[in-house]
Amino acid sequence: AEGYGGGTSEKRLGRLLPPHYSDAIIMTKFLPAPWRYSHQCFENAVRASCVRLGVDCIPIYLLHSPVHWRPIEFWIEAAAICKKKGLIQAMGLSNCDADNVKRAHVAAKEYGIDIICNQVHF
């Protein structure tokens, strides 16, 4: 995730991937910090993660904890825009409760992106 070690976790993973793990499915996270307020902020984060990971497209991009003042639907729309640009393939959630998961799925259907997981604490 971009927030772990200031992006160093993504850089480390990026160094490991080619050529040893070319079939790996990469998943990383967007941190919806309060100063990130636009779809462009989301896209900038996706692009920065792509650079750190050394990829053109992230297979699964998670929304890390919906703690933002923007509703979850806003971020799902941002992800759909990035999918249309070929930057991500699918969306995932992290630490979302049942209500957020339901709302996210409704928005995902509307905007044309798949939500394929919800990473939760065990």
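So, here's what we can say about the structure.

Conventions adopted
Residues numbered from 1 in each chain as written. Predicted model: local features only at pLDDT ≥ 70, side-chain atom pairs only at ≥ 80, totals over all residues. Heavy atoms only, no water. Pairing = 2+ DSSP bridges. Helix = DSSP H or I, 4+ residues; strand = E, 2+ residues; numbered from the N terminus. Right-handed = clockwise from strand over helix to strand, strands pointing away. Buried < 20%, exposed > 50% of the residue type's maximum accessible area, 1.4 Å probe, protein only. Core = buried A, V, L, I, M, F, W, Y, C linked by side-chain atoms within 4.5 Å. Contact = heavy atoms within 4.5 Å. Axes fitted to C-alpha atoms, helices over the stretch in contact; angles between N-to-C directions.

1. What about the pairing of strand E4 (residues 115-119)?
- With three bridges connecting them, strand E3 (residues 88-94) and E4 associate as parallel partners. When the bridges of E4 are listed, Leu93 appears paired with Asn118.
- Note that the unit made of E3, helix H4 (residues 98-111) and E4 has a crossover that is right-handed.

2. A short note on unusual backbone geometry
- Look at Asn95: it is not a glycine, yet its phi comes out positive at around 65°.
- Considering the arrangement of structural elements, one finds Asn95 in the loop between E3 and H4.
- For Asn95, a relative accessible area of 28% translates into the label partly exposed.

3. Here we look at the nonpolar core
- In terms of nonpolar packing, the biggest core is built from 29 residues, with Phe42, Val46 and Ile76 touching the most fellow members.
- Only helix H2 (39-53), strand E2 (58-64), helix H3 (72-84), E3 and H4 provide two or more residues apiece to this core.
- Tallying contributions element by element places H3 first for this core, with eight residues.
- Residues within four places of Phe42 in sequence aside, it is in contact with Phe30, Tyr61, Trp75, Ala78, Ala79, Cys82 and Met91.

4. Some details on the sheet that holds strand E1 (residues 27-30)
- The strand order across the open sheet formed by four strands is E1-E2-E3-E4, and the pairing between neighbours is parallel. Only two strands of the sheet have a single partner each, and these edge strands are E1 and E4. With strand direction ignored, the average angle separating the axes of adjacent strands in the sheet is 30°.
- In this sheet, E3 lies alongside E2 in parallel orientation, the contact comprising six bridges. Residue pairing in the sheet places Ile60 in a bridge with Ala90 of E3.
- Across the sheet, H2 touches E1, E2 and E3, and the angle it forms with E2 is around 130°.

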